[in-house]
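One letter stands for each residue in the lines below.
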Amino acid sequence: MPVQDFEKIFQEKIDNEVKIEPKDWMPDAYRKTNLRQISQHAHSEIVGMLPEGNWIGRAPSLKRKAILLAKVQDEAGHGLYLYSAAETLGMSREEMINDLHSGKAKYSSIFNYPTLTWADIGAIGWLVDGAAIMNQVMLTRTSYGPYARAMVRICKEESFHQRQGFESLLVLSRGTKEQKEMCQDAINRWWWPALMMFGPKDAESTNSDQSMKWKIKRKTNDELRQNFVDMIAEQIKTLGMKLPDDKLKWNEERRHYDFGEINWNEFWQVVKGNGPCNKQRLDARRKAWENGEWVREAAAAHARKRAERQKDKAA
Amino acid sequence: MSALIDYTLHLADNTLILGQRNAEWCGHGPVLEQDIAITNISLDLIGQARSFYQYAAELKADGSTEDSLAYLRTEREFKNCLLVEQPNGDWAQTMLRQFLFSCYQFFLYQQLQHHTNTRLAAIAEKSLKEVRYHLRWSSEWIIRLGDGTGESHSRMLTAIDELWRYTGELFIPVTYETETGIDITSLKEAWLNNIKIVFDEATLPVPENVFMQTGGKTGVHTEHLGFILTELQYVQRAYPGSEW
């Protein structure tokens, strides 16, 4: 069968909402795009453990400590499912990790911002997980089967994290003067980076058109960003806090909130590696991997010894 | 009553401090699956600590809460044993600390679950399921590292040299243990037998004639504890009287 026919069958499946599975024929570019996106998503979960992990030791109550530990652990679990989903496209977890460490693979830029106070943990849960959910809910219907199924599990946990983050900020917003200031300060610092999580504007997004056609994505960056702004602009009223945007205003005609312009220079600088913590995040991941090398080697060596002994016994 | 409170705090402090230490690994483990496992153990230990602190707060009946007991006591008031406050070091040292302590907890909780104090007995019974898993998991790591590569074996030897001196204290009773009717001396033989079996499989020696450090259970700690509490208690100390 000529390649054109394969492509036709493939696109028909997509058009008819049939999931693409690992053993199905798929265009190289579809494989590559999914592999890039899923591995990037996995890396984001793993790197994302670092800014939040930064506050586990200092969590202000035992309950908050337990919640935060469980949350960061969930993220490690999400990383595992996503690496497994990406492996079905033909790359090993170790290769993906090497690409992360060499700087070849990217992860979400949001994790290149520092967590400076306890309120940042609440703000990450509410804003960062909130933005991630917008994207992830869409991805539960993405065309690649293993990715869509991983997303279903992940979304359940993420929406729980978002509620926990919001609840943590709610306590601060009703607390002492210092706590209220801490809460507002965290929102001020995380708001714009959270909006940047949806990526470049549609007009400048290089991967969007083909991804929409292949139903890897089902909404554009700008649509998702708008949905997020609409949601948060309402939720913040409960907190009695303000979003740091003078242009934020309900537009009756559009039935959406209008909002100000993202600092795209900052966006591209962080993508290029010049965010406040790009270096620290990658250094921490590389260090963990390098320090773990002798452990992984020992585990492999022991497993080999054990297998040989079993063989000897059997013989 | 005061002995019971002190003993309950001792149990709580042991689990909190080890949980706090293990949590330092979160996001930095040698491989993702083990990062999850050590974090899980940390969560279990903090859960146990909360149960003990909540009970101690009830016994004190002076407005204490689980958080005031964890966050507002000083280094001289903490009653954890020295072993749990030792630094993580490398993966070998963390695994050995976990194994030595889980093995101790395993035999201790077995005794405690039959204690006449039904609250302590219930917490011990519930926690025993977790401890059984911690013990199995850490035993497997001791064997893997001891009988792995030359490097891992040598790192295990270093860890033993580092930590063994803190194991004696586990079995030397202090007043609050005796007065609560806990016989920890009797646990030593079973503990040592279990250690020997695992060390044997791991091709590791059980040290003999090591001088044992003591003091943690009565509030005389190594210099590490002060730094652990500095981190643990920072927010509560910086913003007194706030809800979180």
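One can find the structure itself at the top, above this paragraph.
Calculation notes
Residues numbered from 1 in each chain as written. Chains lettered and ligands numbered in written order. Predicted model: local features only at pLDDT ≥ 70, side-chain atom pairs only at ≥ 80, totals over all residues. Heavy atoms only, no water. Helix = DSSP H or I, 4+ residues; strand = E, 2+ residues; numbered from the N terminus. Rg over C-alpha atoms; globule rule 2.2 N^0.38 Å. Areas by Shrake-Rupley, 256 points an atom, 1.4 Å probe, with all protein chains shown as cover. Lys, Arg positive; Asp, Glu negative; His and termini not counted. Charge placed at Lys NZ, Arg CZ, Asp CG, Glu CD. Buried < 20%, exposed > 50% of the residue type's maximum accessible area, 1.4 Å probe, protein only. Contact = heavy atoms within 4.5 Å. Expected span 1.5 Å × (residues − 1). Bend = angle between axes of the 7 residues up to and from the residue. Polar contact = N/O pair within 3.5 Å; in protein donor to acceptor, adjacent residues only side chain to side chain. Core = buried A, V, L, I, M, F, W, Y, C linked by side-chain atoms within 4.5 Å. Phe/Tyr/Trp six-rings, centres within 6.5 Å; stacked < 30°, edge-to-face > 60°. Buried area = accessible area lost by both parts, 1.4 Å probe. Salt bridge = Lys/Arg side-chain N within 4 Å of Asp/Glu carboxyl O. Axes fitted to C-alpha atoms, helices over the stretch in contact; angles between N-to-C directions. Parallel < 35°, antiparallel > 145°, perpendicular 65-115°, else oblique. Left-handed = near helix turned anticlockwise from the far one by under 90°. Nonpolar A, V, L, I, M, F, W, Y, C, P; charged D, E, K, R; others polar. Disulfide = S-S within 2.5 Å.

A. Focus on the overall build of chain B. Broken down by element type, chain B carries 10 helices and zero strands. Written out in order from the N terminus, the α and β elements of chain B read α-α-α-α-α-α-α-α-α-α. Against the 2.2 N^0.38 benchmark of 18 Å for 244 residues, chain B shows a C-alpha radius of gyration of 17 Å, consistent with a compact globule. Oriented by its inertia axes, the alpha-carbon framework of chain B measures out at about 55 × 40 × 30 Å. For chain B, the accessible area works out to roughly 9600 Å², and carbon and sulfur atoms hold 51% of it. Computed over 19 positive and 32 negative side-chain charges, the separation of the two mean positions in chain B equals 2 Å.

B. Here's a closer look at the overall build of chain A. Helix and strand content of chain A: 12 helices and two strands. When the helices and strands of chain A are listed from N to C terminus, the series reads α-α-α-α-α-α-α-α-α-β-β-α-α-α. Looking at chain A as a whole, 55% of its 315 residues qualify as buried. Across chain A, every contact between residues at least 6 apart in sequence was considered, and the portion connecting residues at least 24 apart equals 76%. Here chain A contributes 50 positively and 44 negatively charged side chains, and the mean placements of these two sets differ by 4 Å.

C. Structural context of helix α7 (residues 177-196) of chain A. With 20 residues, α7(A) should cover 28 Å at 1.5 Å per step; its first-to-last C-alpha distance of 30 Å lies within 8% of that length. Of all bends in α7(A), the biggest is about 35°, found at W190(A), and the proline P193(A) comes one to four residues later.

D. Seen up close, the side chain of T142(A). Residues and elements named next belong to chain A. Looking at the element boundaries, T142 is found in the loop between α5 (119-139) and α6 (145-173). By relative accessible area, T142 is classed as buried at 0%. A distance of 3.4 Å separates a polar side-chain atom of T142 from the backbone oxygen of K215. Excluding anything up to four places from it in sequence, T142 contacts K19, Y147, A148, K215, I216 and R218.

E. Just α6(A), in detail. For α6(A), which comprises 29 residues, the first-to-last C-alpha distance of 42 Å matches the rise-based estimate of 42 Å (1.5 Å per residue) to within 8%. Its maximal kink placed at I154(A), α6(A) deviates by approximately 30°.

F. Focus on the nonpolar core. One finds F228(A), Y53(B), W91(B), L96(B) and I142(B) to be the most contacted residues of the largest nonpolar core, which totals 176 residues. Per-element tally for this core: the top contributor is helix α2 (residues 32-60) of chain B, with 15 residues. With residues up to four places along the chain from it excluded, the contact list for Y53(B) reads L62(A), L9(B), A12(B), D13(B), L16(B), E66(B), L69(B), A70(B), R73(B) and F78(B).

G. Representation of the packing of aromatic side chains. Residues and elements named next belong to chain B. Taken as a whole and assessed by the stated rule, the structure comprises 27 aromatic pairs over all chains. Here W91 and W141 contribute two aromatic rings whose centre-to-centre distance is 5.7 Å and whose plane-to-plane angle is 85°, an arrangement assigned as edge-to-face. Of this pair, W91 sits in helix α5 (residues 91-112) while W141 sits in helix α6 (residues 118-146), placing them 50 residues apart in sequence. W141 carries the same exposure label as W91, and that label is buried. Ring geometry for W164 versus W191: centroids 5.7 Å apart, planes at 35°, classification tilted. Taken as a pair, W164 in the loop between α7 (150-163) and α8 (175-179) and W191 in helix α9 (residues 188-201) lie far apart in primary sequence, 27 residues in all.

H. A look at unusual backbone geometry. Non-glycine residue E17(A) carries a positive phi angle of around 65°. With respect to the helices and strands, E17(A) occurs in the loop between α1 (3-15) and α2 (28-53). Positioned with a positive phi, A61(B) is a non-glycine residue whose angle comes to about 45°. Considering the arrangement of structural elements, one finds A61(B) in the loop between α2 and α3 (66-71).

I. Examining the interface of chain A and chain B more closely. Residue-level contacts link 48 residues of chain A with 47 residues of chain B. Overall, the association of chain A and chain B removes approximately 3900 Å² of surface from exposure, summing both partners, and the carbon and sulfur fraction of that is 68%. Across the contact surface, chain A and chain B share four salt bridges. Measuring nitrogen to oxygen at the nearest pair gives 3.3 Å for the salt bridge that ties R306(A) to E201(B). The interface formed by chain A and chain B includes 19 residue pairs in polar contact (both at pLDDT 80 or more). When residues of the side of chain A that touches chain B are traced back to their parent elements, those giving at least two are α2, α3 (62-87), α6, α7, α11 (278-291) and α12 (293-314) of chain A. Here the side of chain A that touches chain B gets 14 residues from one element, more than from any other, and that element is α3(A).

J. Region of interest: the packing of α5(A) against α6(A). Residues and elements named next belong to chain A. With their axes 7 Å apart at the nearest point, α5 and α6 run at an angle of 150° to one another. Between α5 and α6, the angle falls in the class roughly antiparallel. For the crossing formed where α5 meets α6, the hand is left-handed. Grouping the amino acids of the contact of α5 with α6 by side-chain chemistry returns 14 nonpolar, nine polar and two charged.

K. A look at the pattern of salt bridges. Residues and elements named next belong to chain B. For the coordinates displayed, the defined rule picks out 32 salt bridges over all chains. Salt-bridge contacts for R155 lead to D90; the nearest nitrogen and oxygen are separated by 3.0 Å. Here the residue R155 occupies a position in helix α7, and D90 occupies one in the loop between α4 (82-85) and α5, the gap between them amounting to 65 residues. Classification of R155 by relative accessible area gives partly exposed; the value is 26%.

L. Up close: the state of the cysteines. Applying the stated criterion to the full structure yields zero disulfides over all chains. Looking at the unpaired C103(B), the closest cysteine sulfur is the one in C81(B), lying at 13 Å.

Everything listed is a geometric property; what it means functionally is a separate question.
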